[in-house]
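# Fold and geometry: a report
One-letter residues, chain by chain:
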Amino acid sequence: MVINGDIIFTQNNDGFEIYENGFLVIEDGKVKAVQKDYSGNEEVINKQGMLIIPTFVDLHLHANQYANCGLGYDEELLTWLEKYTYSEEVKFKDLNYARDIFKEVLTKLWEAGSLRSVIFASLYKETSELMFNLVSEAGLSAYVGKVNMDRNVPDFYIETTEESINFTEDLIKEFNNNSLVKPIITPRFVPHCTIESMQGQGDLAKKYDVPVQSHMNESLAENVWVTELHPEYKTSTDVFEKYGLFGGNSKTIMAHCIHNTKHELELMKKRNFYPVHCPESNANLTSGIMDVKGMLEAGLPVCLGSDISGGHNLFMPKQIILAIQLSKMKARMEDDLSKVLTLSEAFYMATKAGGSFFGNTGSLEEGYSGDFLVIDTDSIMAPHEVRSPIERLEKFLYIGSPSNIVERYLQGAKIDKPFKE
Ligand code: GUN
Ligand code: FE
């Protein structure tokens, strides 16, 4: 397959690779070449005047909070969880309710061009199993986590330690050999998992070589709580590390990582560790502003997540732009302009950085998975406005919407809108 258009991607985060009116050659689902001319025999798909960019990767979202998007942001994290979140998530015991919402979430991810994502599905085993199957049915790629919580949650929404461990193991056994939809071990965060549960989850991560995702250092109140629960360890990093949930053998995603100590940053650097910046969620819940630039300079692969429904938007360009804007606020307030994130840095976070969690995805370099979007920016141009490819990408990221995405490809195959009746 050969596609002709304005191809843009980030090989590194310090600038864009731009092939104006270039040719993307895909073979066996992978990028074979990106080139200025094409003289081979394949039929060329003409997308001249359109942008061709990697698909977005959303490294952190809660599918069972979708109905709460836009609600409750006068609260901070811990009271928001209590007042809004559990009462919604408990509804996912009902598989029919879960199916309707999950289909909607996956359709919105498809629309937004996030063909790969890492999902907190549900506390319940059958509901989580449903999510694995729906992601497959939609033709998307994801890591899906059954959320584990066996302490400090309401009586109506809790499970036993045995349930956390056994159900997690059941789902690993069922789905670990899949290629596009895979399991991820999901302790919700330190305050919601007993040490027995964390130990069991860490053992599973090691036994099956399965990655881990959780939250940490999101809010100051959360960190005080962790210190009270574990005075011997003090930080979530030390607790997760103790129980094998901090990027030991397996890759680890931690959402937020705002209020980190120096010691924690040192350990992150030594591990197979993916910090996820969730700018909209952090703004909504008054959590703080991650020092993205500092973490990038430390060599950490900072990625981006929508964190719905802490965030309220699945369209990753919203997160890209807010990440930049928050970094500018932080830079100005700290009188340190080196903290400003550039467009290419933020785009890289939402494509190649997050994509690296899945292997060679999120870029259009040779050998990368043929995951790309075709974007028509005509509707966001002013009359008589003529722009270069990079300017059109910039405008798409700032003022575009999912409706500008006209085609979506995963591993070189066009993915149509899922779940059409
Ligand atoms: N920490 C523990 N649970 C959650 C959650 O559901 N959302 C966010 N943003 N942080 C959390
Ligand atoms: Fe979250």
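Residues numbered from 1 in each chain as written. Chains lettered and ligands numbered in written order. Predicted model: local features only at pLDDT ≥ 70, side-chain atom pairs only at ≥ 80, totals over all residues. Heavy atoms only, no water.

## Notes on the sheet that holds strand 13 (residues 303–304)
Taken in spatial order, the four strands of this open sheet run 10-11-12-13, and their pairing is parallel. One side of each edge strand has no neighbouring strand; the edge strands of this open sheet are strand 10 (212–216) and strand 13. (Pairing = 2+ DSSP bridges. Helix = DSSP H or I, 4+ residues; strand = E, 2+ residues; numbered from the N terminus.)

## What about the coordination of the iron ion (ligand 2)?
Binding of the iron ion (ligand 2) to the protein goes through His 60 (NE2), His 62 (NE2), His 215 (NE2) and Asp 307 (OD), at separations of 2.0 to 2.2 Å. One can describe the site at the iron ion (ligand 2) as irregular: its four donor atoms subtend angles covering 88 to 174° at the metal. Between the donor residues of the iron ion (ligand 2), the gaps in sequence give the motif H-x1-H-x152-H-x91-D. Here His 215 lies in strand 10 and His 62 lies in strand 5 (residues 57–62), a separation of 153 residues in the sequence. Accessibility assignment for this pair places His 62 and His 215 in one class, buried. (Donors = N, O, S within 2.8 Å, 3.2 Å for Na, K, Ca; no water. Tetrahedral: all angles 85-135°; square planar, octahedral: opposite > 155°, others 65-115°. Buried < 20%, exposed > 50% of the residue type's maximum accessible area, 1.4 Å probe, protein only.)

## Focus: the pattern of salt bridges
If you walk through the whole model with that rule in mind, you get 22 salt bridges. A salt bridge links Glu 27 to Lys 32, with the shortest nitrogen-to-oxygen separation between them at 3.7 Å. According to the relative accessible area criterion, Lys 32 is partly exposed, its value standing at 43%. Where salt bridges share partners, they join Glu 104, Lys 108, Glu 111 and Lys 417 into one cluster. (Salt bridge = Lys/Arg side-chain N within 4 Å of Asp/Glu carboxyl O.)

## Things to note about the pairing of strand 5
Put simply, side chains in a regular strand alternate between the two faces of the sheet. Taken across its six residues, strand 5 has six buried, putting it largely inside the fold. With four bridges connecting them, strand 5 and strand 6 (residues 116–122) associate as parallel partners. Bridge assignment links Leu 61 to a residue of strand 6, and that residue is Ile 119.

## Quick look at the environment of Pro 301
For Pro 301, the position within the fold is in the loop between helix 10 (292–297) and strand 13. Along the backbone, Pro 301 and Lys 352 are 51 residues apart, and their C-alpha atoms lie at a distance of 9.5 Å. Excluding residues within four positions of it along the chain, Pro 301 makes contact with Phe 273, Tyr 274 and Pro 275. (Contact = heavy atoms within 4.5 Å.)

## Things to note about helix 8 (residues 262–270)
For helix 8, the complete set of buried residues consists of Glu 264, Leu 267 and Met 268. Taken around the axis of helix 8, the buried residues stretch over an arc of 105°, which confines them to a single face. In this structure, helix 8 carries Lys 262 and Lys 270 as exposed residues pointing more than 90 degrees from its buried face. Check the buried side of helix 8 and you find it contacts strand 10, helix 7 (236–242), strand 12 (273–277) and helix 10. (Arc of directions from axis to C-beta.)

## A word on the site of ligand 1
Every residue lining ligand 1 is accounted for by His 62, Gln 65, Leu 77, Trp 80, Leu 81, Arg 188, Phe 189, His 215, Glu 218, His 256, Ser 281 and Asp 307. Measuring from a nitrogen atom of ligand 1, one finds a side-chain N or O atom of Glu 218 at 2.6 Å. Residue Asp 307 places a side-chain N or O atom 2.8 Å away from a nitrogen atom belonging to ligand 1. Protein contact buries 100% of the 280 Å² of open area that ligand 1 shows by itself. Residue contributions to the shell around ligand 1 peak at three residues, all from helix 1 (residues 77–89). Here the shell around ligand 1 is composed, by residue class, of four nonpolar, five polar and three charged. (Near = heavy atom within 4 Å. Polar contact = N/O pair within 3.5 Å; in protein donor to acceptor, adjacent residues only side chain to side chain. Areas by Shrake-Rupley, 256 points an atom, 1.4 Å probe, with all protein chains shown as cover. Nonpolar A, V, L, I, M, F, W, Y, C, P; charged D, E, K, R; others polar.)

## Examining the sheet that holds strand 1 (residues 2–9)
Strand pairing in a sheet takes place through backbone hydrogen bonds and is either antiparallel or parallel in direction. An order of 3-2-1-4-14-15-16 is seen for the seven strands of this open sheet, with the pairing classed as mixed. A single partner strand is all that each edge strand has here, and the edge strands are strand 3 (30–35) and strand 16 (413–414). As paired strands, strand 4 (residues 44–54) and strand 14 (residues 372–375) are joined by four bridges and run antiparallel to one another. Among the inter-strand pairings, Leu 51 is bridged to a residue of strand 14, identified as Ile 375.

## Considering unusual backbone geometry
Residue Ser 309 is bonded to the preceding Ile 308 through a cis peptide linkage, with omega at 5°. Looking at the element boundaries, Ser 309 is found in the loop between strand 13 and helix 11 (316–333). In this structure, Asp 28 takes a positive phi of about 50° despite not being glycine. Judged by relative accessible area, which is 75%, Asp 28 ranks as exposed.

## A few points about the nonpolar core
Core analysis: the biggest nonpolar cluster contains 56 residues, and Ile 53, Phe 56, Ile 320, Leu 393, Phe 396 and Leu 397 have the highest contact counts within it. For Ile 320, the residues in contact, after removing those within four places along its chain, are Phe 56, Leu 304, Ala 346, Phe 347, Ala 350 and Leu 397. One finds Phe 92, Leu 109, Val 153 and Leu 410 within the second-largest nonpolar core, a separate group that totals 44 residues. (Core = buried A, V, L, I, M, F, W, Y, C linked by side-chain atoms within 4.5 Å.)

## Focus: the pairing of strand 3
Note: strand 2 (residues 17–27) against strand 3, five bridges, orientation antiparallel. Opposite Val 25, over in strand 3, you have Ala 33 as the bridge partner. Between strand 2 and strand 3, which follow one another and run antiparallel, lie two residues, and Asp 28 among them has a positive phi close to 50°.

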